[in-house]
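Analysis of the macromolecular model
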Amino acid sequence: MTYEIEMYTTDPCPFCIAAKNLLKKRGLEWKEYLVFGGSKEWEEMIARTNGKTVPQIIINGEVIGGYPELTTIDKEGKLSELNK
Ligand SMILES: N[C@@H](CCC(=O)N[C@@H](CS)C(=O)NCC(=O)O)C(=O)O
């Protein structure tokens with residue numbers, strides 16, 4: 001893999017499912033961290049992304065945001081480029 005996608009998620013979480021479906025559609029893989037309020041991973045997510053909702057998506061070390069931001073970079077063609 002020439003790229004790294006990290007995603008903080010909870011279960012259930014419709015926006016997380018939507019984000020994962022979009023990545024799947026683009027043929028991309030990701031590393032997923034399931035977080036629970038107050039857990040070590042939850043604190044890590046806030047420290048890394050400054051976000052308190054899920055999903056929080058990080059691509060190649062850059063904090064992207066959540067599902068709306070993922071769709072924005074998809075429309076810019078940036079997700080397809082990751083697979084090249
Ligand atoms: N626009 C958001 C929606 C995120 C969102 O509302 N996620 C829900 C779970 S699907 C959540 O974190 N709810 C808890 C909260 O808002 O504190 C995104 O970044 O994808």
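First things first, this report covers the structure right here in the doc. (Residues numbered from 1 in each chain as written. Predicted model: local features only at pLDDT ≥ 70, side-chain atom pairs only at ≥ 80, totals over all residues. Heavy atoms only, no water.)

1. Points about the nonpolar core
Core analysis: the biggest nonpolar cluster contains 14 residues, and Ile 5, Ile 57, Ile 59, Leu 70 and Leu 79 have the highest contact counts within it. Every element with two or more residues in this core is listed here: β1 (5-9), α1 (14-25), β3 (56-59), α3 (67-75) and α4 (78-82). In terms of residues, this core owes the most to one element, α1, which gives three residues. Residues contacting Ile 5, with those up to four places away along its chain left out, are Leu 23, Leu 28, Glu 29, Trp 30, Lys 31, Ile 57, Ile 58, Ile 59 and Leu 82. The next biggest cluster of nonpolar side chains, apart from the first, holds 10 residues, and it includes Cys 13, Cys 16, Tyr 33 and Trp 42. (Core = buried A, V, L, I, M, F, W, Y, C linked by side-chain atoms within 4.5 Å. Buried < 20%, exposed > 50% of the residue type's maximum accessible area, 1.4 Å probe, protein only. Helix = DSSP H or I, 4+ residues; strand = E, 2+ residues; numbered from the N terminus. Contact = heavy atoms within 4.5 Å.)

2. Observations concerning α1
Residue pairs three or four apart in sequence face the same way in an α-helix, which turns once every 3.6 residues. Compared with the 16 Å implied by 1.5 Å per residue over 12 residues, the 16 Å span of α1 between its first and last C-alpha is a close match. Buried residues along α1 sit in contact with β1, β2 (31-34), β3, α3 and α4. At the exit of α1 stands Gly 27, carrying a positive phi of roughly 70°. (Expected span 1.5 Å × (residues − 1).)

3. Some words on the side chain of Thr 49
Tracing the chain through its elements places Thr 49 in helix α2 (residues 40-49). Within the structure, the side chain of Thr 49 is placed 2.7 Å from the backbone oxygen of Met 45, a separation counted as a polar contact. Of note is the side chain of Thr 49, whose polar atom sits 3.0 Å from the backbone nitrogen of Gly 51. What Thr 49 contacts, discounting residues up to four positions off in sequence, is Gln 56, Ile 58 and Val 63. (Polar contact = N/O pair within 3.5 Å; in protein donor to acceptor, adjacent residues only side chain to side chain.)

4. Remarks on the site of the ligand
Looking at the ligand, the residues that line it are Cys 13, Pro 14, Phe 15, Thr 53, Val 54, Pro 55, Gly 66, Tyr 67 and Pro 68. Between a nitrogen atom of the ligand and a main-chain N or O atom of Val 54, the distance comes to 2.8 Å. Within the backbone of Tyr 67, one N or O atom sits 2.9 Å away from an oxygen atom of the ligand. Relative to its unbound accessible surface of 500 Å², the ligand loses 59% to contact with the protein. Taken together, the elements giving at least two residues each to the shell around the ligand come down to α1 and α3. (Near = heavy atom within 4 Å. Areas by Shrake-Rupley, 256 points an atom, 1.4 Å probe, with all protein chains shown as cover.)

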